[in-house]
Amino acid sequence: MVTLVKQEMYKLLHKKSTPAVSVVLLIIMTIFGVLSKTNPKYWGPKDMFVSMYTGENWVVLFMIAACSSIIAMEFQYGTIKELLYRKYYRGEILVSKWITMLVYSIYFFVLTFVYSLILKVILYNSKFKLSDTYANNHSIVETQVLGMVGAFLSVWLILSLVLLLANVFKSTAAAISIGIIGYFALSMVSGLMFVLMQKWDWLKWNPLNMMNLPSQIVDNSYHKMTLLSTPEMVWGSLIYTAIFMAISYVVFKRRSV
Amino acid sequence: MADTILNVEHLNKSFGSKHVLKDVSFSVQSGHIVGLVGPNGAGKSTIMKAVLGLFNYASGTITIDGDPVSPTSHKAMDKVGALIEYPGIYPFLSGMQHLKLFAKESTTQDQIDETVDRMKMTGYINQKAKSYSLGMKQKLGIALALVNRPKFVILDEPMNGLDPQANKDLRTLILDLAKQGTTFLISSHILSELEKLIDDLVVIDKGQIVYTQSMAALENGGKKLLVLKTSDDAKAKDVLSQNGYELNDADNVNITEKADTKMADIIKLLSDNGIDIDDVQHIHSDLETSLLELLKNDKVKES
Ligand SMILES: Nc1ncnc2c1ncn2[C@@H]1O[C@H](COP(=O)(O)OP(=O)(O)O)[C@@H](O)[C@H]1O
Ligand SMILES: [Mg+2]
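Residues numbered from 1 in each chain as written. Chains lettered and ligands numbered in written order. Predicted model: local features only at pLDDT ≥ 70, side-chain atom pairs only at ≥ 80, totals over all residues. Heavy atoms only, no water.

Caption draft 1: Fine view of the overall build of chain A. Looking only at helices and strands, chain A has 12 helices and 2 strands in total. Tracing chain A from N to C terminus, the helices and strands come up as α-α-α-α-α-α-β-β-α-α-α-α-α-α. Principal axes of the C-alpha set define a box for chain A whose edges measure 60 × 50 × 30 Å. The 257 residues of chain A split such that 50% are buried. Counting contacts in chain A only where the partners sit at least 6 residues apart, residues at least 24 apart contribute 74% of the total. Approximately 11900 Å² of chain A is accessible, and the part contributed by carbon and sulfur atoms is 71%. (Helix = DSSP H or I, 4+ residues; strand = E, 2+ residues; numbered from the N terminus. Buried < 20%, exposed > 50% of the residue type's maximum accessible area, 1.4 Å probe, protein only. Contact = heavy atoms within 4.5 Å. Areas by Shrake-Rupley, 256 points an atom, 1.4 Å probe, with all protein chains shown as cover.)

What follows is the structure, given as structure tokens:
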């Protein structure tokens, strides 16, 4: 298994897009850092820091692309046979890809977290302290870390779906578009969804509602709309992720190549 | 058992309602080069994929070195290198990076370099594979099958896209490796391509094995034919068959020549019956012809 993960990492690191994406992420965060310094009215320095200078949103996009490509490229390049007729088992091949993506997503979260701290120190060292109260009795840094934990869980909910779709359609395009739409659909349909949930209570268990976890974890009053407690949402996210992963596993094991 | 590396018995495989492999049985002797020959769509790639544990099969057994092979039993794959259908290539990696990626820990850089050298790929091995031509990709695919010095190598139509020189180099390399004890199973839809290479031949058509034989036996089995043009072919056929000559199914008078077949006897027999001979031809049917004959005459029925 270690060998397989190493091989996946080797492929990931040798793609030109991999280093490029990290550089782009840092550039974008820097731009928003500078904007919040020059135009604090539109981009509040504390809000920008808590949202990691928009880094989190970009991480989701990049991870959706990476997850769909790590599966679909093997079908696209015809390399899936080479992967499968070795002494390893199919399940191991798939799990090695998941582990690689898990490591990659942790890398991204750590990178954005550390870089937002660096930006904060450079741009606002004396303006505000991390321990200042931000909202809901949480300090700034607490808010940021809690938001990150929530984001990590809901990102993986989306990623597990993307991994499944890439597996089913063997194409990056379908997996990426549905992943992105799924992620951004939330803000568009959540109003309607909340209304419908008032009518049909069981709707609160739908996966899109779980995506509100990052907001609710920071601001408990969200509970009134999501109708779920925070632990329920944590478990809900984990269970949906597990279900999507399990379907992926079955599909991958049964596929004829 | 010790000298059989691959054993396939009563293998059946369907894709949906399509019965693609029908009761396929054959074995490969250790150290031999075995040719798997058959027309397009016969099931060569499908057999190879089953042997590599790539999919489930309805019934049958496959063993490599005594270990059973199936999608859930891949232990034997450690000894196997393969190229199936077309090579799978990552465009963003160079040839060398491919070889490093798939090299086992026990494979040294020297061994990788030697494979590259033998495949004559040194000139472009460090370029990204997206710039490779079809033939270059094919060579990389073969190099990937060979890089870990497997005991058993499976090559599916390896000569595809290779120029004559590369084709010859590959043959030399295969023969060298076979001398050192590597076993090969090589498929092709063209027998002449493998003729100079293989020890044994397995012929497949429409999912059935129609012929297995050593090359030596097949070469001896090539028929000599005597083809006559006469004033009355129909009558000549009757007369000859009544007199114990073996006639082949053809428009003209086509006799299988045996050790005791004498031209003089035939001329006398025909002229005694008032038939004139206009022309005589001796034909030594080559391997390709015998194979075509075999495929044409086989009793395989479409299902
Ligand atoms: N994945 C598949 N699904 C359906 N039919 C298939 C599949 N793979 C192969 N076949 C069919 O099986 C037959 C044998 O194919 P194949 O083994 O590729 O032939 P060959 O390699 O001898 O040219 C063909 O008729 C082909 O259409
Ligand atoms: Mg084929």
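Back to the text.
Caption draft 2: The arrangement of the UniProt feature "transmembrane region" (unreviewed entry) in chain A in detail. The positions that UniProt labels "transmembrane region" (unreviewed entry) are, in the present scheme, residues 20-38, 58-77, 98-124, 144-166, 173-197 and 233-252 of chain A. Along residues 20-38 of chain A, the helical share is 100% and the strand share 0%, with 27 Å between the first and last C-alpha atoms. (UniProt positions renumbered as here; feature names shortened; annotations may be inferred.)

Caption draft 3: Region of the structure containing the pairing of strand 2 (residues 18-29) of chain B. All names here are of chain B. Inspection of the sheet shows strand 1 (residues 4-15) paired to strand 2 by 8 bridges, in the antiparallel sense. Each bridged residue has a counterpart across the sheet, and for Thr4 the counterpart in strand 2 is Gln29. Between strand 1 and strand 2, which follow one another and run antiparallel, lie 2 residues, and Gly16 among them has a positive phi close to 60 degrees. (Pairing = 2+ DSSP bridges.)

Caption draft 4: Main features of the side chain of B:Thr63. Residues and elements named next belong to chain B. Take Thr63: it is sitting in strand 4 (residues 59-64). Residue class for Thr63 comes out buried when judged on its relative accessible area of 18%. When sequence neighbours within four positions are dropped, the list of residues in contact with Thr63 reads Ile5, Leu6, Asn7 and Pro68.

Caption draft 5: Summary view of the environment of A:Glu74. Looking at where A:Glu74 falls in the secondary structure, it is placed in helix 4 (residues 55-76). Judged by its relative accessible area of 0%, A:Glu74 falls in the buried class. For the pair A:Glu74 and A:Lys170, spaced 96 residues apart in the sequence, the C-alpha separation amounts to 8.4 Å. Setting aside chain neighbours within four positions, we find A:Glu74 in contact with A:Glu8, A:Lys11, A:Thr79, A:Ile80, A:Leu83, A:Lys97 and B:Tyr90. At 2.6 Å, the side chain of A:Glu74 forms a polar contact with the side chain of A:Thr79. (Polar contact = N/O pair within 3.5 Å; in protein donor to acceptor, adjacent residues only side chain to side chain.)

Caption draft 6: Up close: the confidence of the model for chain A. Confidence in the prediction for chain A averages 87 pLDDT; 100% of positions are at 70 or higher. At the level of individual helices and strands, chain A shows its lowest average pLDDT in strand 1 (residues 133-135) of chain A, which scores 74, and its highest in helix 1 (residues 2-13) of chain A, which scores 94. (pLDDT = per-residue confidence, 0-100.)

Caption draft 7: Expanded view of the sheet that holds strand 2 of chain B. All names here are of chain B. The sheet built from 4 strands is open, its strands ordered 2-1-4-5 with antiparallel pairing. This sheet does not close on itself; its edge strands, each paired only once, are strand 2 and strand 5 (67-68). When strand 4 meets strand 5, the two strands line up antiparallel, connected through 2 bridges. Residue pairing in the sheet places Ile64 in a bridge with Asp67 of strand 5.

Caption draft 8: Up close: the sheet that holds strand 7 (residues 152-156) of chain B. Residue and element names in this part refer to chain B. One open sheet holds the 6 strands; their spatial order is 6-7-8-3-9-10, and the pairing between them is mixed. The two strands at the open ends of the sheet, each matched to only one other strand, are strand 6 (80-83) and strand 10 (208-214). Each adjacent strand pair in this sheet contributes to an overall mean axis angle of 15 degrees, direction not counted. Where strand 3 (residues 33-37) and strand 9 (residues 200-205) come together, 4 bridges link them in parallel fashion. Bridge assignment links Leu36 to a residue of strand 9, and that residue is Val202. Against the sheet, helix 4 (residues 134-146) touches strand 6, strand 7 and strand 8 (183-188), its axis set at about 170 degrees to strand 6. Set on the sheet, helix 5 (residues 164-179) makes contact with strand 3, strand 7 and strand 8; between it and strand 8 the angle comes to about 150 degrees. (Axes fitted to C-alpha atoms, helices over the stretch in contact; angles between N-to-C directions.)

Caption draft 9: Layout of a nonpolar patch on the surface. Residues and elements named next belong to chain A. Together, Leu102, Ile106, Val110, Val114, Ile118 and Ile122 line one region of the surface with nonpolar side chains, adding up to about 500 Å² of accessible area. The topology assignment puts Ile106 in helix 6 (residues 90-124). Among the residues examined, Ile106 registers a relative accessible area of 41% and is labelled partly exposed. (Patch = residues over 30% accessible without salt bridge, like charges linked within 9 Å, V, L, I, M, F, W, Y side chains within 5 Å. Salt bridge = Lys/Arg side-chain N within 4 Å of Asp/Glu carboxyl O.)

Caption draft 10: Structural view of the site of ligand 1. Residue and element names in this part refer to chain B. In the vicinity of ligand 1, the contacting residues are Phe15, Lys18, Val20, Pro39, Asn40, Gly41, Ala42, Gly43, Lys44, Ser45, Thr46 and Glu85. Between Gly41 and ligand 1, the recorded distance is 2.7 Å, taken from a backbone N or O atom to an oxygen atom. Between Ser45 and ligand 1, the recorded distance is 2.7 Å, taken from a side-chain N or O atom to an oxygen atom. Calculation on ligand 1 without its partners gives an accessible area of 570 Å², and the protein chains cover 65% of this total. (Near = heavy atom within 4 Å.)

Caption draft 11: Inspection of the interface of chain B and chain A at higher detail. Across the boundary between the two partners, chain B contributes 30 residues, which contact 23 residues of chain A. The junction of chain B with chain A conceals about 2400 Å² of combined surface from both sides, 60% of it contributed by carbon and sulfur atoms. In terms of surface lost to chain A, no three residues of chain B exceed B:Leu54, B:Tyr90 and B:Phe92, which account for 26% of the buried area on that side. At the junction of chain B and chain A, the tally comes to 1 salt bridge. A:Lys87 serves as the salt-bridge partner of B:Asp78, at 3.8 Å between the closest nitrogen and oxygen. Linking chain B to chain A there are 10 residue pairs in polar contact (both at pLDDT 80 or more). Put simply, the parts of the chain that give the side of chain B that touches chain A at least two residues each are strand 6 and helix 2 (95-102) of chain B. It is helix 2 of chain B that provides the largest number of residues to the side of chain B that touches chain A, a total of 4 residues. (Buried area = accessible area lost by both parts, 1.4 Å probe.)

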